[in-house]
Amino acid sequence: MSPDGLPPDPLSYRGLDPAALDRTGLGRPVWDPTGERPVGERPEGAAAVSKSAVPLLDVRDLQVSFATREGEVRAVDGVSFALGRGEVLAIVGESGSGKSVCAMTLMGLTRGPNTTISGQVRLEGRELIGASEAQLRRIRGAELAMVFQDPQSSLNPVYRVGDQIAEQIRTHEPFVSKARALERAAELMERARIPKARERVRAYPHELSGGMRQRVMIAMGLSLGAKVLLADEPTTALDVTVQAQILAQLKDLREQEDLSILLITHDFGVVADIADRIAVMRAGEIVEQGVASEIFERPQHPYTRDLLDALRPSTPKIVHRPAEGVLARAAAGSAEEDLVSFAEGCPARARGAETRTSSLNKTPRACGGAILEVEDLRVSYPGRGRHEGPVEALAGVSLTLGEGETLAIVGESGCGKTTLLRSIAGLIAPSAGAIRLGGQDLAPANGRELAAARAELGMVFQDPQASLNPRRRVGRTLERALHARGHAKPRARSEVAGLLERVGLRAEQAERFPHELSGGERQRVGIARALAGESRLVLLDEPVSSLDASIRRGVIDLLERLQAELGCAYILVSHDFTTVEALADRIAVMRGGHVVEQGEAREVLERPKHPYTRELLKACPRVPSSAGLPGGVGSEAWTTQRGSYSA
Amino acid sequence: MEESSAPISSFSGGTPVRVSALGSRHAWIARFLARRFASLVAVLFAITVLTFLIFQAIPDGDPALRMAGRLATPQQVHDVRVQWGFDQPIYVQYAKTMEKIFSGSVISYSQQTNVEQEIVKDLPPTISLAIGAGIIWLVVGVLFGLICAMYAGGWLDRALTVLALTGISMPVFFLGAIMLYWLGYQWHLLPLEGYVPLTSDPWGWFTHMLMPWVALSVVSIGVYSRLLRANLLDVMSEDYVRTARAKGLSERRVLVKHVLRNSLTGIVTLWGLDFAWVIGGGAILVESVFNLGGVGQYAAQSIGRLDIPPVMVVTMMVAAAVVILSTLVDIAYALLDPRVRIS
């Protein structure tokens, strides 16, 4: 009988003596008879472990290089680590650090004519590097499972989900009948807590949500009782609350099934949540490795410190506001109520002088109060298919934004924040409601008025690579932006240099193509384009989420500085609370097309009123603040929250 | 714990989550077919109007004179005019034309034969040609494409590419003539011309059709293999192929089960179009070179004789065949790719 009291399942290896099984032709697995978790310490509360046992996965001096047209590229340069039973090792690094290549090499997926691999990789004592393809194939899926980043594209869209799981089972167990394998798939999906698992076995990947798809991937990976799970950015493409669920599931798997997890991520927050040990990778090498709490509290290597630093706002946004200011009044009446309109007082006057004088001198304008008013905005899309009614993307959203302010809109995918941004930009015609930019109603405006209004609007997109025309030099793109705002051509050219320098680039870079710039530089060009001319309102759609952690800091600082200099207002859509903390004056939380909570940033983050906001904040994995580094807004509150979540 | 409440998941990724209940599948299929059929009828109607305009209404001169042929007497011309309604408004003409076509009473005046009966007589060679060639160019094209993609960059890939490009560039009649000369005339391996019905002599049928099949397929094989190779290479870099490998599937299974199925889209469309064109009588050159006596050859001869009625009917046939097969291709897509079904 298996541990849960069910009849022995021919597919379950638990209960059988693993040492007797050699399914791969690589020799018998070396089994740790004591069954204890070897290698390394477990964080607070765990018993001391014996260090004598053989680690489950032992990597020594792994080197992987690819022969490319530009010469040899060393993706992984002498990496060593070990993973014990029931342990979670997180490999953290930025893009290009080689962490994904490292994981794929463990499975042998990077083998090819242009690849050179050396070093030692031992799975339960058996060497994988020199193994034949056939032997490796028997390990893949059966003993080493891998889960990838984007569950949408990682599942074959033309096969049903249950069939794909069954395929994995039948590849390694060819004598299992199709029906039996599908049964097993359904069981696995149930165990993975996918609701209505029996029905969903017959579903196609596009019929499931992101979180469910990732659970299917995890279920698939563990369908044969694999002991090691390689998870390559498993939650990056998922919403925050779904991410929390998946991480909880992984933790459960570790507890209940003694699963070892090699977690690859760039998100320290996720790491803080689940990892026992951390290895920091940079440019193919591991620069620091150790127990999680050690790394967070006493990072040794300067790169580790930089990374941790980049993920915490240095100082929260400074807001000088007299108590009777309009914003304070508005904050007092926030949560589910609509926000007070700004007609009575110009927020610019309410601000402290030092942040405003320069901008007031530069761009004198009538202080009319709010620069943007959104009143009961409704946008609906026609439904897809016969039996679905129109989809209400925005169901009555009201917002106000003062000059020089930053409003952050947070919410999960599908809440309507992108639709809101696009409506304000004039790209989508609302079904009802009004949008007033600088006092002028955009809805009935005809072409020319609309264009004039839009000249004061700039937009920064999420992926700078995709939003810059790859065939156009950067300078030309900016020229055209200036020209579209009404600047004459010759003047535009000289302005481009000034614009580039303002965003921290060099004037000579105007001659570059987008692909010749780095990610951060591209985004700066995007920001320059949004600012071209005197934009009073800049819409930022996840401006830093596709950038590496160390570059984000720079771009966020740039945005802060520009706002102080130019006095433009920002509407920031982001799911990353670090960015939100750094930039936002006010926060609006959206869900299902409604704004469920609005208020001053500090209020919303520290004392959220709406249960959904609380859920969102709780689910957001946070990096614990340490003694040596300054923490975020209310960092005490954060550690307490995290503590209460993980307890 | 239930997945985070419904509204969130129902918007995730923009695709409404519907658990596809089995009951709705039948309803979906019925609706889909009804829609396709309705559009099929509409397009066929448009084609008949267009064909009619092209042949009857647009060209200059006296349509009756044109229809009746060069050797007609004035009395015959008058008869034609009355029968086809050329002295009447255009929609009456159209109605009469359609009536004649659908009742099978279109007469070729210069040949004194019933066009549609002639076409029916000529159908077997055309159908044999279409089916045989269709199978060959699909199988061989896909095979070549697979081989090229598996050994992409290698010598086999390059050799097959050269072969494919040669095939695409070689004129069909030229290839046909060369094959006839060497295989038929010089080496006496295959018959020189003509068609033998399948029912009377299967082996004869096969030997007579072999060269026409090859001649017709060569171009398509080239095109299909290039297209499939490109599609396969694209799909091979997709994430789900990586997942399939990570599951431990052999390279061959990955290729056949995961990569191929997702790469066939362009091929299916092309195949539908090519097949329709041949079966409608569009393979004029091949049929004439090998003297198969099929619909295409009939059309070619009629063109040479400036005999309008057959040409008009054949045109309509080809167009109808293309439209019908496109609909079938659409249905095939819905079977191949479940994502298509939602729209």
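Residues numbered from 1 in each chain as written. Chains lettered and ligands numbered in written order. Predicted model: local features only at pLDDT ≥ 70, side-chain atom pairs only at ≥ 80, totals over all residues.

1. Regarding the overall build of chain A
Step number 1: Counting its regular elements, chain A contains 25 helices and 20 strands.
Step number 2: Per-residue burial over chain A gives 49% buried out of 647 residues.
Step number 3: Here the analysis covers contacts within chain A between residues at least 6 apart in sequence; of these, 67% occur between residues at least 24 apart. (Helix = DSSP H or I, 4+ residues; strand = E, 2+ residues; numbered from the N terminus. Buried ≥ 20, exposed ≤ 12 C-beta atoms within 10 Å, placed from the backbone. Contact = placed C-beta atoms within 7 Å.)

2. What to know about the overall build of chain B
Step number 1: A tally of regular secondary structure across chain B gives 15 helices and two strands.
Step number 2: Counting across all 343 residues of chain B, residues that qualify as buried make up 36%.
Step number 3: Intrachain contacts of chain B at a sequence separation of at least 6 include 70% that bridge at least 24 residues.

3. Side note on unusual backbone geometry
Most peptide bonds adopt trans geometry, and most residues besides glycine take a negative phi value.
Step number 1: A positive phi angle, close to 50 degrees, is found at Ala283 of chain A, a residue other than glycine.
Step number 2: A positive phi angle, close to 50 degrees, is found at His188 of chain B, a residue other than glycine.
Step number 3: Tracing the backbone shows His188 of chain B in the loop between α8 (172–186) and α9 (202–236).
Step number 4: By the C-beta count within 10 Å, which is 9 here, His188 of chain B ends up exposed.

4. Observations regarding the environment of Lys178 of chain A
Step number 1: Note on placement: Lys178 of chain A falls in helix α5 (residues 178–191).
Step number 2: With 12 residues separating them in the primary sequence, Lys178 of chain A and Ala166 of chain A have C-alpha atoms 7.2 Å apart.

5. Observations regarding the packing of α9 of chain B against helix α12 (residues 265–282) of chain B
Residue and element names in this part refer to chain B.
Step number 1: At a minimum axis distance of 10 Å, the contact between α9 and α12 shows a crossing angle of 165 degrees. In terms of their interaxial angle, α9 and α12 are classed as roughly antiparallel. Pair α9 / α12 crosses with right-handed handedness. Across the interface between the two elements, Leu216, Ser220, Val223, Tyr224, Leu227, Leu228 and Asn231 from α9 touch Gly266, Ile267, Leu270, Asp274 and Val278 from α12.
Step number 2: When the residues that make up the contact of α9 with α12 are grouped by side-chain class, the tally is eight nonpolar, three polar and one charged. (Axes fitted to C-alpha atoms, helices over the stretch in contact; angles between N-to-C directions. Parallel < 35°, antiparallel > 145°, perpendicular 65-115°, else oblique. Left-handed = near helix turned anticlockwise from the far one by under 90°. Nonpolar A, V, L, I, M, F, W, Y, C, P; charged D, E, K, R; others polar.)

6. Here we look at the packing of helix α18 (residues 474–484) of chain A against helix α20 (residues 519–531) of chain A
Packed helices, taken two at a time, are described by the angle between their axes plus the distance between the axes.
Residues and elements named next belong to chain A.
Step number 1: One way to put it is that α18 packs onto α20 with a least axis distance of 8 Å and a crossing angle of 20 degrees. Classed by the angle they form, the pair α18 and α20 counts as roughly parallel. Relative to α20, the crossing made by α18 is right-handed. Residues Val474, Thr477, Leu478 and Ala481 of α18 lie in contact with α20, whose contacting residues are Val525, Ala528 and Arg529.

7. With respect to the nonpolar core
Step number 1: Residues Leu230, Leu262 and Ile571 of chain A are the most contacted members of the largest nonpolar core, which totals 175 residues.
Step number 2: Among residues more than four places away in sequence, those in contact with Ile571 of chain A are Leu401, Leu407, Ile409, Leu421, Ile424, Leu537, Leu539 and Leu540 of chain A.
Step number 3: Residues Phe52, Val80, Leu264 and Tyr298 of chain B belong to the second largest nonpolar core, which totals 69 residues. (Core = buried A, V, L, I, M, F, W, Y, C linked by C-beta atoms within 7 Å.)

8. Thoughts on the sheet that holds strand β18 (residues 569–573) of chain A
All names here are of chain A.
Step number 1: Ordered by their spatial adjacency, six strands build an open sheet running β16-β17-β18-β13-β19-β20, and the pairing between neighbours is mixed. Single-partner strands in this sheet number two, and they are β16 (457–460) and β20 (594–600). On average, each strand axis in the sheet is tilted by 15 degrees relative to the strand beside it, whichever way the strands run.
Step number 2: Across four bridges, strand β13 (residues 406–410) lies against β18 in parallel orientation. Looking at β18, one finds that Ile409 is bridged to Val573. (Pairing = 2+ DSSP bridges.)

9. A look at the confidence of the model for chain A
Residues and elements named next belong to chain A.
Step number 1: Looking at chain A, pLDDT values average 75 and 77% of them are 70 or higher.
Step number 2: Confidence, read as mean pLDDT per element, is least for helix α14 (residues 357–362) in chain A (28) and greatest for strand β7 (residues 228–232) (93).
Step number 3: A low-confidence stretch, residues 1–21 stays under pLDDT 50, and its non-local contacts, those more than four residues away or across chains, total 22 contacts.
Step number 4: A low-confidence stretch, residues 318–368 stays under pLDDT 50, and its non-local contacts, those more than four residues away or across chains, total 76 contacts. (pLDDT = per-residue confidence, 0-100.)

10. A few points about the environment of Val158 of chain A
Step number 1: Within the secondary structure, Val158 of chain A is located in the loop between α3 (151–154) and α4 (161–172).
Step number 2: Separated by 46 residues in sequence, Val158 of chain A and Tyr204 of chain A place their C-alpha atoms 7.1 Å apart.
Step number 3: Dropping the residues within four chain positions of it, Val158 of chain A is found in contact with Arg261, Asn262, Leu336, Asp337 and Pro338 of chain B.

11. Side note on helix α10 (residues 239–246) of chain B
Step number 1: Of the residues making up α10 of chain B, those classed as buried are Tyr240, Thr243, Ala244, Arg245 and Ala246 of chain B.
Step number 2: Looking at the buried side of α10 of chain B, the elements it contacts are α1 (99–107), β6 (144–147) and α3 of chain A together with α11 (251–263) of chain B.
Step number 3: Just past α10 of chain B, the residue Gly248 of chain B takes up positive phi, approximately 100 degrees.

12. A short note on the sheet that holds strand β14 (residues 432–437) of chain A
Step number 1: Reading across from one edge, β12-β11-β14-β15 (chain A) is the order of the four strands in this open sheet, with antiparallel pairing throughout. Of all the strands in the sheet, the pair left with one neighbour each is β12 (391–402) and β15 (440–441) of chain A.

13. Examining helix α11 (residues 302–310) of chain A
Residue and element names in this part refer to chain A.
Step number 1: For α11, the full list of buried residues reads Thr304, Leu307, Leu308 and Ala310. Down the axis, α11 shows its buried residues gathered within 165 degrees of arc, on one side only.
Step number 2: Packed against the buried residues of α11 are α9 (268–274), β9 (277–282), β10 (285–291), α10 (292–297) and α21 (549–566). (Arc of directions from axis to C-beta.)

14. Details of the environment of Val241 of chain B
Step number 1: Tracing the chain through its elements places Val241 of chain B in helix α10.
Step number 2: Through-space distance from the C-alpha of Val241 of chain B to that of Val259 of chain B is 6.9 Å; in sequence the pair is 18 residues apart.

15. Re the pairing of β9 of chain A
Within a regular strand, side chains alternate between the sheet's two faces.
Residue and element names in this part refer to chain A.
Step number 1: The buried count for β9 comes to six of six residues, which makes it a mostly enclosed element.
Step number 2: Here β9 shows no split at all, with Arg277, Ala279 and Met281 on one side and Ile278, Val280 and Arg282 on the other all buried.
Step number 3: Two strands pair when backbone bridges link them, and strand β3 (residues 88–93) and β9 are joined in this way by five bridges, in the parallel orientation. Bridge pairing in β9 places Gly93 opposite Met281.
Step number 4: Two elements, β9 and β10, share six bridges in a ladder whose sense is antiparallel. Among the inter-strand pairings, Ala279 is bridged to a residue of β10, identified as Gln289.
Step number 5: Joining the antiparallel neighbours β9 and β10 is a turn of two residues, in which Ala283 adopts a positive phi near 50 degrees.

16. Details of the confidence of the model for chain B
All names here are of chain B.
Step number 1: For chain B, the mean per-residue pLDDT works out to 81, and 90% of the residues sit at or above 70.
Step number 2: Low pLDDT, under 50, characterises residues 1–22; the stretch is placed with 39 contacts to residues that sit more than four places away or in other chains.
Step number 3: Across the whole predicted complex the pTM is 0.69, and at the interface the ipTM reaches 0.72.

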